[in-house]
There are 2 protein chains.
Amino acid sequence: MAQLVSRKENFSEWYNGIVKNANLADQAAVHGCMIIKPYGFAIWEKIKESFDKKFKDTGHQNAYFPALIPKSFFGREAAHVDGFAKECAVITHHRLKVNEENKIVVDENARLQDEVILRPTSETVIWNAYKNWIRSYRDLPLKLNQWCNVFRWEMKTKPFLRTSEFLWQEGHTAHATAEEAFNEAVMMHGIYYDVIKNILAIPTITGAKTANERFAGAEETFTLEALMQDCKAVQMGTSHFLGQRFAKAFDVKFSAADGSLDFVHGSSWGVSTRLMGALIMTHSDDKGLVLPPKIAPIQVVIVPISKSEEEKKNVLTYIADIITKFSQQGISFKVDDREGFTPGWKFNEYEMQGVPVRLAVGMKDVQNNSVEIARRDNFEKFSVEKDLCVDVILKTLEDIQENLYQRALHFQNEHTVIVDSYDDFKEAIKQRKGFVLAHWDGTTETELKIKEDTQATIRCIPKDDPRCKEEGKCILTGKPSKQRVLFAQAY
Amino acid sequence: MAQLVSRKENFSEWYNGIVKNANLADQAAVHGCMIIKPYGFAIWEKIKESFDKKFKDTGHQNAYFPALIPKSFFGREAAHVDGFAKECAVITHHRLKVNEENKIVVDENARLQDEVILRPTSETVIWNAYKNWIRSYRDLPLKLNQWCNVFRWEMKTKPFLRTSEFLWQEGHTAHATAEEAFNEAVMMHGIYYDVIKNILAIPTITGAKTANERFAGAEETFTLEALMQDCKAVQMGTSHFLGQRFAKAFDVKFSAADGSLDFVHGSSWGVSTRLMGALIMTHSDDKGLVLPPKIAPIQVVIVPISKSEEEKKNVLTYIADIITKFSQQGISFKVDDREGFTPGWKFNEYEMQGVPVRLAVGMKDVQNNSVEIARRDNFEKFSVEKDLCVDVILKTLEDIQENLYQRALHFQNEHTVIVDSYDDFKEAIKQRKGFVLAHWDGTTETELKIKEDTQATIRCIPKDDPRCKEEGKCILTGKPSKQRVLFAQAY
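Residues numbered from 1 in each chain as written. Chains lettered and ligands numbered in written order. Predicted model: local features only at pLDDT ≥ 70, side-chain atom pairs only at ≥ 80, totals over all residues. Heavy atoms only, no water.

(A) Main features of the overall build of chain A. For chain A, the helix and strand inventory stands at 13 helices and 26 strands. C-alpha atoms of chain A, sized along the principal axes, occupy 80 × 70 × 55 Å. Going through the 491 residues of chain A one by one, you find that 58% of them count as buried. In chain A, once contacts between residues fewer than 6 apart in sequence are set aside, the share between residues at least 24 apart is 70%. Here chain A contributes 64 positively and 68 negatively charged side chains, and the mean placements of these two sets differ by 1 Å. (Helix = DSSP H or I, 4+ residues; strand = E, 2+ residues; numbered from the N terminus. Buried < 20%, exposed > 50% of the residue type's maximum accessible area, 1.4 Å probe, protein only. Contact = heavy atoms within 4.5 Å. Lys, Arg positive; Asp, Glu negative; His and termini not counted. Charge placed at Lys NZ, Arg CZ, Asp CG, Glu CD.)

(B) The arrangement of the sheet that holds strand β16 (residues 300-304) of chain A in detail. Residues and elements named next belong to chain A. The sheet built from five strands is open, its strands ordered β17-β16-β18-β19-β20 with mixed pairing. Strands at the two margins of the open sheet, each flanked by one partner only, are β17 (333-335) and β20 (381-385). Within the sheet, the average angular offset between the axes of one strand and its neighbour, ignoring direction, is 25 degrees. With four bridges connecting them, strand β18 (residues 357-361) and strand β19 (residues 370-375) associate as antiparallel partners. By the bridge assignment for β19, leucine 359 is matched with isoleucine 373. (Pairing = 2+ DSSP bridges. Axes fitted to C-alpha atoms, helices over the stretch in contact; angles between N-to-C directions.)

(C) Quick look at the environment of glutamate 372 of chain B. Residues and elements named next belong to chain B. You can see glutamate 372 is positioned in strand β19 (residues 370-375). Glutamate 372 gets classed as partly exposed once you look at its relative accessible area, which sits at 25%. Residues glutamate 372 and glycine 362 lie ten residues apart in sequence; the distance between their C-alpha atoms is 8.9 Å. Residues contacting glutamate 372, with those up to four places away along its chain left out, are Arg358, Leu359, Ala360, Asp365, Lys381, Phe382 and Ser383.

(D) Examining unusual backbone geometry more closely. Residues leucine 140 of chain A and proline 141 of chain A are joined by a peptide bond in cis, for which omega reads -10 degrees. Located in the positive-phi region is cysteine 231 of chain A, a residue other than glycine, with phi close to 70 degrees. For arginine 432 of chain B, which is not glycine, the phi torsion reads 55 degrees and is therefore positive. Within the fold, arginine 432 of chain B resides in the loop between α12 (422-430) and β22 (435-439). For arginine 432 of chain B, a relative accessible area of 35% gives the class partly exposed.

(E) Main features of the domain arrangement of chain A. Residues and elements named next belong to chain A. Segmenting chain A into domains produces domain 1 (11-68 + 131-283), domain 2 (298-396) and domain 3 (416-488). A C-alpha centroid distance of 38 Å is found between domain 1 and domain 2. Across the contact, four residues belong to domain 1 and four residues belong to domain 2. Counting each side, the surface lost to burial between domain 1 and domain 2 is near 400 Å², with a carbon and sulfur contribution of 57%. Of all residues in domain 1, Asn21, Ala22 and Tyr39 give up the largest surface area on contact with domain 2, accounting jointly for 81% of the area buried on that side. At the boundary of domain 1 with domain 2, the tally comes to zero salt bridges. For the pair domain 1 and domain 2, the number of links is one residue pair in polar contact (both at pLDDT 80 or more). Split by residue class, the side of domain 1 that touches domain 2 holds two nonpolar, two polar and no charged. (Domains from an automatic or database assignment. Buried area = accessible area lost by both parts, 1.4 Å probe. Salt bridge = Lys/Arg side-chain N within 4 Å of Asp/Glu carboxyl O. Polar contact = N/O pair within 3.5 Å; in protein donor to acceptor, adjacent residues only side chain to side chain. Nonpolar A, V, L, I, M, F, W, Y, C, P; charged D, E, K, R; others polar.)

(F) Main features of the interface of chain B and chain A. Listed per partner, the contact involves 63 residues of chain B and 63 residues of chain A. Viewed at the interface, chain A and chain B are joined by four salt bridges. Here lysine 56 of chain A makes a salt bridge to glutamate 45 of chain B, at a shortest N to O gap of 3.0 Å. For the side of chain B that touches chain A, the element with the most residues is strand β5 (residues 87-98) of chain B, which contributes eleven residues. Looking at the side of chain B that touches chain A residue by residue, the class counts come to 42 nonpolar, eight polar and 13 charged.

(G) A look at the packing of aromatic side chains. Per the stated rule, a full pass over the model turns up 38 aromatic pairs over all chains. Judged by centre distance (4.7 Å) and plane angle (40 degrees), the rings of phenylalanine 341 of chain A and tryptophan 345 of chain A are tilted. Residues phenylalanine 11 of chain B and tryptophan 14 of chain B carry aromatic rings whose centres are separated by 4.9 Å and whose planes lie at 40 degrees to one another, so their mutual orientation is tilted. A residue pair is termed a helical-turn pair when its members lie 3 or 4 positions apart in one helix, as phenylalanine 11 of chain B and tryptophan 14 of chain B do in helix α1 (residues 11-21) at three residues. With respect to class, phenylalanine 11 of chain B is no different from tryptophan 14 of chain B; both count as buried. One aromatic cluster is present, built from ring pairs that chain together Trp44, Phe51, Phe55, Trp147, Tyr192 and Trp269 of chain A. The aromatic ring of tyrosine 318 of chain A is capped on one face by lysine 386 of chain A, whose charged end is 4.3 Å from the ring centroid. (Phe/Tyr/Trp six-rings, centres within 6.5 Å; stacked < 30°, edge-to-face > 60°. Lys NZ or Arg CZ within 6 Å of the ring centre and 35° of its normal.)

(H) Representation of the pairing of strand β15 (residues 265-272) of chain B within the structure. Residue and element names in this part refer to chain B. For β15, a buried count of eight out of eight residues is recorded, marking the element as mostly surrounded by other parts of the structure. Burial along β15 is two-sided: the face carrying His265, Ser267, Trp269 and Val271 and the face carrying Gly266, Ser268, Gly270 and Ser272 are both buried. The sheet contact formed by strand β9 (residues 165-175) and β15 spans eight bridges and is antiparallel. From the neighbouring strand, histidine 175 faces β15, where its bridge partner is histidine 265.

(I) The arrangement of the sheet that holds β19 of chain B in detail. All names here are of chain B. Pairing within the open sheet is mixed, and its five strands lie in the order β17-β16-β18-β19-β20. What marks the edges here is a single partner per strand, and that holds for β17 (333-335) and β20 (381-385). Geometrically, the sheet is characterised by an average inter-axis angle of 25 degrees between neighbouring strands, direction not taken into account. For strand β16 (residues 300-304) and β17, the ladder comprises three bridges, and the chain directions are parallel. In the strand pairing of β17, isoleucine 302 is matched with valine 335.

(J) Molecular detail of the relation of the copies chain B and chain A. Rotating chain B by 180 degrees and moving it 0.0 Å along the rotation axis overlays it on chain A with an RMSD of 0.0 Å. With respect to symmetry, the two chain copies, as superposed, fit the operation of a two-fold axis. For chain B, the minimum C-alpha distance to the rotation axis belongs to isoleucine 91 of chain B and amounts to 2.1 Å. Of all interface residues in chain B, 100% are interface residues in chain A too; the two copies therefore contact each other through one and the same surface. (Least-squares fit on C-alpha atoms with pLDDT ≥ 70 in both.)

(K) Fine view of the packing of helix α2 (residues 38-57) of chain A against helix α7 (residues 274-283) of chain A. Residue and element names in this part refer to chain A. Taken N-terminus to C-terminus, the directions of α2 and α7 make an angle of 110 degrees; their axes are 10 Å apart at the nearest point. Here α2 is positioned roughly perpendicular relative to α7, judged by the angle of their axes. Contacts between α2 and α7 pair Gly40, Ile43, Trp44, Ile47 and Phe51 from the former with Leu275, Met276 and Leu279 from the latter. (Parallel < 35°, antiparallel > 145°, perpendicular 65-115°, else oblique.)

(L) Spatial organisation of the pairing of β19 of chain B. All names here are of chain B. Counting buried residues along β19, five of its six residues qualify, which places the element largely inside the surrounding structure. Taken together, the five bridges between β19 and β20 define a ladder with antiparallel strand orientation. From the neighbouring strand, serine 370 faces β20, where its bridge partner is glutamate 385. Between β19 and the antiparallel strand that follows it, β20, lie five residues; phenylalanine 379 among them carries a positive phi value of about 60 degrees.

What follows is the structure, given as structure tokens:
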């Protein structure tokens, strides 16, 4: 296994090293696409299950809409085409042929009359269906979600964080009132916060996007922003209040109980495999990946240590009832008794893969009726009595989950600064201090000028953050500002 | 709700009627694509879970490979390009723009140098990755699966059975020996048989495909063939022994324990949303969809019947503990106490949706301490004591599951004929008798001639079917034949 460079040395290379060495993903043949390897996909499946359960518990149903969207659909919502239809995969032909030189070429006779776009997001195709499905208030609310692949032709790509194809979920809901649609967007924002905090152990700062950073076609976008260890921000998920925009673009009306006709009100919301990137960059260290136990495909690895076949047999017999108890308790585990690898080599491998707890068992443990437990998060090692070990491990997994969150929250707090002058602001961004809270006059003009000067963007307008509440003056223009907003350079 | 035409009157229209009226799927804007609606998707999720568990239990891991494949990959395996790369979606551009007339058009400056194909199946992109992942026998076997969307540009489409985009799983495995790869294909064939029989309640006849019907790039293809109520066959799933073909095409070698180098041996296997079509056409009747309880999203619907608010309250109180017991027993249910719909209207709706058991509860039941149970499969209705109802329903769900399988098996047996002359064969096919077992001389020439004459194809060469075992003479050429094979017209 190749050695990782340290985070300090080269954060980007360190990140790529973990993606590769922990077997999370691999590059694909087509520009900007990625292969999600089994270990990486097992993590994604756990993340997916956590969200999917919450979606269903709150009355959403899964469905599937086609990946292929007629080009013409994108023209319907003006802001949407600017935001999405530009850099996208365009299907123009439906056949290949073998030419005279025996090469496979596109068959020019099989040109599509209407070009087809690979979905960058599905508002258009879904609202076009809602037009046929919604007649009256009895059909509302309609709360659908889909798990699928989407495509955005990205020039500069990075595994998980920015790829030409990625996996995500997109919720699309339709409601009788604006209030209900707005509340739906707020509720899903809350569910995202909850899963990202309690399952992924990632703290976020939440709030609304500025008009300039809003989803193309939304009236309001809520976001969750996390801070990575290199002090850049990652947008973790967004929820959009769409108002009646897509209903108007696709002519989706409903008759109310009183017989009146009105356009439907909508919301949409999504999280993607990007979360995998944030997960890596939030928790991992110079030894490799670090995973919160709740999404670790393997929570405990057991490494038997022996010098002979006889010893190996003894050790395996010794751990048999531990394994039974693990299964009973729903602890996911792996026993690595492969030959030809030293214990040290195995320890490194599971550290690289971020397995939260390691159990090493040798003849000394058999004699002492003990096992040795090692934590991945803080490298603590300790022996416990064998009979206690399952209880201790259950407790340790909980501790690790909590510790990772607290560690990340501490990092975020340590790297969130308040600045009140533009010079301090520029310095804070230049020094990569992290999240920067500062006053802004509320105009897109100012926002863009600051971005031009510093590459920092407004990540969100936090709602209840005490550090943001007081009034003040815009760092750039000196005009009045109602509250501080959150700036950072972002992935 | 629109009335269904009967199966007898117009089978194809009946099928489309169920797809529409049971809310399974809807047409999409792009040719041949479909929207899988929430109720249809909930069935697919259950099917998916059943297979996925078996795959994981037999040592397979899920992963994700890109949907975009370089055109050049298809040229590598000669048979594969003929089978797949012809009718496919070709991406030629990566940008749209707004032209002078304010229309959205393809930006000709954003033409891709190398065109990209939307995956019709993923052997090429996966074997290209295996080349980098497999070095030695220690890396084998590699047993991966992915659940994804695939694309085949179909001219004549039918919901679920033949669509331009569909959902499926594709397993791709790599092994050190031909025997192991062959056994893997056989094992997956067995798992398909098991799930299709025991979960979908569909009987199949299994066997190998002829060389002509084999997967493009396989050395052997195993298939499961089911008979629909219109006596046409549906291919339910296939498992392929790939030999070393893709390993050779993508140069995937491994070093054995003795240090020798050899190409890897492969298998691939898949089932798709096509199973949804077979499910509908196997079990359903002129009242609508019929679902085996094991994949029914709603196993029991409870319809409270009342003439006043007071009565409704009484009935809902009365069923409260039944509902609690349903949850405890893991029975999925729905209580439909909507106002404004008559019980009869609701009964029809759930019959259309194929809900296996209906529980009607009115004031008379409250007085008698009973409930009325109705079975969807045979329309039996009976009253049971309230305290017994959960046990009776559990038993009834089992009965329905078994009855549907037996009914379909009986139909298949009744519609499987043995013929020994070409005239009888042509008549049997013309009369749509169903599966036709007949002798064949083993040549592609004969197979194609029979297809040309009758549109019937060889669905499979059954292995242990006693009706096929004896030797005889080819119905067309009179040449010797080792066993009968299975013919039918197919979807």
